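Chains, contacts and geometry: an overview
The lines below spell out each chain.
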Amino acid sequence: MDDIRRLLEDTRTFAGLSGPTLDLLVGCARRRTLRAGDTLFRQESPREAFFLIVSGQLEILRETGGRVDRLVVLGPGQAVGEGAFLHASQHSATARALTEVALAEFPRDEIHARLAADGTAAMEVLSRVALAMNRRLQYAAASEVGLEKAYASGATRREHDLLGERDVPADALYGVQTLRGVENFPITGITLSHYPALIRSLAMVKQACARANRTLGLLPAPVAGAIDQACREIVDGHWHGHFVVDMVQGGAGTSTNMNANEVIANRALELLGHARGEYEHCHPNNHVNLSQSTNDVYPTAIRVAVLSELRALSAALTELRSALVAKGVELHDALKMGRTQLQDAVPMTLGQEFTAYAVTTAEDIARLSETARLFLEVNMGGTAIGTGINADPRYPTLVLEELRGVTGLDLSLAENLVEATPDTGAFVMFSGVLKRIAVKLSKMCNDLRLLSSGPRCGLAEINLPPMQPGSSIMPGKVNPVIPEVVNQVAFEVIGNDLTITMAAEAGQLQLNVMEPIIAFNVFNSLEMLTAAVTTLSRRCVTGITANREHCRDMVERSIGIVTAVVPVLGYERASEVAKEALETGRSVREIILARGYLPAVELDRLLTPEAMTQPRPLAPARPAEG
């Protein structure tokens, strides 16, 4: 058990425990092995043990509304499930082995029994667990409001930059330049950590840069290795709470770049055996930012992040299309009245209506894919304005090769880096596609709200699944809340597109300093659209039902069906029938039969659903009599 004892001593949560307390914990340990793909525990299963990873990797997953997201990847020396020390609640996530994993398992009941008999050990262990959990809360909450802020440590370390010295929280991975960014830009309250894809992309870019600089002999191998590992940890989901700068900021993203540089540098320092802030060993600018500028790192990271986030939106739209196709098949024979200008037009089926929605959704998926290719072109190596100052001539090719490997994307270097550095045209085009999707989704939701209006005094052709009571004063009222929320998301996306357009236009000379607001609005649109589309599919479209008899009755009472007999009666006679039907309230069928224009058998053939909802061969119109 010596290896488990050493791991406990090196684990941040339990570092500094006394010898007897370590012996108590080691005495509870049980060895356990998982194969790749095995599940250690499942979301909502009881917390029965605390685990320490000896070797291998675990991924922590959370399922929300049918979507499974990877929260973090954990490796040797990292703890899993410390909450078991405090309470026997359910797991809030699932742990699954990525590789073969060796674990030390500490059963909750046995640990509690031993701690209950040793008050000193209990105080030591529980205080460290509580401190670790508080630290996570401190760097997870976006707001400055909350008890986790009140009970945070007040310890600081002194750092300096060109403006002077400042005290930075001792347990923060960020440094003085990030601190100034936080103070200068209290704008939206939405920090970088709100968009994990952006943080992961920043880390991927920095990782590729470190590898390229090491290959060129510009970065010492130990420092490059520590930077590489720190970036890998961030990609795996660690340390995101230390990305604390507001998404909207002045400086063209410099505060974002420095937030990344400082977090990576301080984590690399720890991996090298140094304290946070000892930048002479690994400096945010001199080492992490070597051969780079905010002006190539930041736009590249945004592009990589957009491509990452786009997968979720494409998947959501594909799911919506499938739901609409299925609904079209289900309602293929539900005859109803089509409408133009909100007036009766000609008959159709609900299946045709929903199939049309499916086709338009498929078109959106295709347009997204086409436009996304614009983000594969990056300006890495251009540094400040595209001229490549402070970068080795071999660096752009090397860093691009490394970035391709890290991201798995078929990235290419812009033909002219001076042109590419201020160019935000790709965001304008992409946002235009997002706006197109929003407009078409909103139109679809307008239709659903109208078709389901009622239940007694509206069209009432379809029923949306009831999701919640609709009124605090009107009993029995149920509102179309899902289409309503999708409408509102569409309005937001349309507004975001205007902001992105204006920000792109505001670029000057060799840089567009408005990229932070572009990034913020693009990610906001992507995130909200993905959520809205998923909600529309699962909580609305799949549960729609048709009022078939009511729909058919409206068709038969409609004047619009007279259009079906125009090829036989001619436009003039058909108009007379329509006019009489409108004035007298009699049905079209009744008037045609009474006037003797057509025999019942032929009229029945012309007014079948099949004849009225699809093309058919036409016969010459009969000449009008006298």
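An account of the accompanying structure is given in this report. (Residues numbered from 1 in each chain as written. Predicted model: local features only at pLDDT ≥ 70, side-chain atom pairs only at ≥ 80, totals over all residues. Heavy atoms only, no water.)

1. Considerations on the overall build of the protein
- Summing up its helical and strand segments, the protein has 23 helices and 16 strands in all.
- In terms of overall size, the protein is more extended than a compact globule, its C-alpha atoms giving a radius of gyration of 32 Å where 626 residues would be expected to give roughly 25 Å.
- For the protein, the residues scored as buried account for 50% of the 626 residues in total.
- Within the structure as shown, the protein displays about 28,800 Å² of accessible surface, and the carbon and sulfur contribution to it stands at 54%.
- Charged side chains in the protein number 60 positive and 72 negative. The centres of these two groups are separated by 4 Å. (Helix = DSSP H or I, 4+ residues; strand = E, 2+ residues; numbered from the N terminus. Rg over C-alpha atoms; globule rule 2.2 N^0.38 Å. Buried < 20%, exposed > 50% of the residue type's maximum accessible area, 1.4 Å probe, protein only. Areas by Shrake-Rupley, 256 points an atom, 1.4 Å probe, with all protein chains shown as cover. Lys, Arg positive; Asp, Glu negative; His and termini not counted. Charge placed at Lys NZ, Arg CZ, Asp CG, Glu CD.)

2. As for the sheet that holds strand β4 (residues 58-64)
- Here we have four strands laid out as an open sheet, ordered β2-β7-β4-β5, and antiparallel in their pairing. Each edge of the open sheet carries a strand with a single partner, namely β2 (39-41) and β5 (67-74). Ignoring which end each strand starts from, the neighbouring axes of this sheet average 30° apart.
- The pairing of β2 with strand β7 (residues 94-97) spans two bridges and is classified as antiparallel. Note that in β7 the partner of T39 across the bridge is R96. (Pairing = 2+ DSSP bridges. Axes fitted to C-alpha atoms, helices over the stretch in contact; angles between N-to-C directions.)

3. Some remarks on the packing of aromatic side chains
- What the rule picks out here adds up to seven aromatic pairs.
- Aromatic pair F14 and F50: ring centres 5.5 Å apart, planes at 65°, arrangement edge-to-face. One end of the pair, F14, is in the loop between α1 (2-10) and α2 (19-28); the other, F50, is in strand β3 (residues 49-55), and 36 residues separate them in sequence.
- Given a relative accessible area of 0%, F14 falls into the buried group. (Phe/Tyr/Trp six-rings, centres within 6.5 Å; stacked < 30°, edge-to-face > 60°.)

4. Thoughts on the packing of helix α7 (residues 196-215) against helix α13 (residues 395-407)
- Between α7 and α13, the shortest axis-to-axis distance is 8 Å and the interhelical angle comes to 135°. Comparing their axes, α13 and α7 come out oblique. The chirality of how α7 crosses α13 is right-handed. Where α7 approaches α13, its residues M204, V205, Q207, A208, C209, R211, A212, N213 and T215 are matched on the opposing element by Y395, L398, V399, E402, L403, V406 and T407.
- In terms of residue class, the contact of α7 with α13 is made up of ten nonpolar, four polar and two charged. (Parallel < 35°, antiparallel > 145°, perpendicular 65-115°, else oblique. Left-handed = near helix turned anticlockwise from the far one by under 90°. Contact = heavy atoms within 4.5 Å. Nonpolar A, V, L, I, M, F, W, Y, C, P; charged D, E, K, R; others polar.)

5. Comments concerning the pattern of salt bridges
- Taken as a whole, this structure holds 43 salt bridges when the rule is applied.
- Its salt-bridge partner being D364, residue R436 comes within 3.0 Å of it at the nearest N-O pair. With R436 in helix α15 (residues 425-451) and D364 in helix α12 (residues 350-372), the pair connects residues that are 72 residues apart, well separated along the chain.
- Relative accessible area serves as the criterion here: at 3%, D364 is assigned to the buried category.
- Among the ionic contacts, a cluster of salt bridges with common partners joins E576, E580, R586, E590 and R595. (Salt bridge = Lys/Arg side-chain N within 4 Å of Asp/Glu carboxyl O.)

6. Considerations on the pairing of β3
- Judged by how many residues are buried, β3 sits mostly within the fold: five of seven residues are covered.
- Pairing between β3 and strand β8 (residues 101-107): six bridges, direction antiparallel. From the neighbouring strand, S55 faces β8, where its bridge partner is A102.
- Relative to strand β6 (residues 79-80), β3 runs antiparallel, the two sharing two bridges. Bridge assignment links L52 to a residue of β6, and that residue is A79.

7. Some remarks on the nonpolar core
- Core analysis: the biggest nonpolar cluster contains 117 residues, and L198, I227 and L536 have the highest contact counts within it.
- In terms of residue count, helix α11 (residues 294-330) provides more of this core than any other element does, 15 residues in total.
- Discounting chain neighbours no more than four positions away, the residues touching L198 are L192, M247, A301, I302, A305 and F523.
- Among the nonpolar cores identified, the runner-up in size contains 23 residues, and L7, L22, V26 and A122 belong to it. (Core = buried A, V, L, I, M, F, W, Y, C linked by side-chain atoms within 4.5 Å.)

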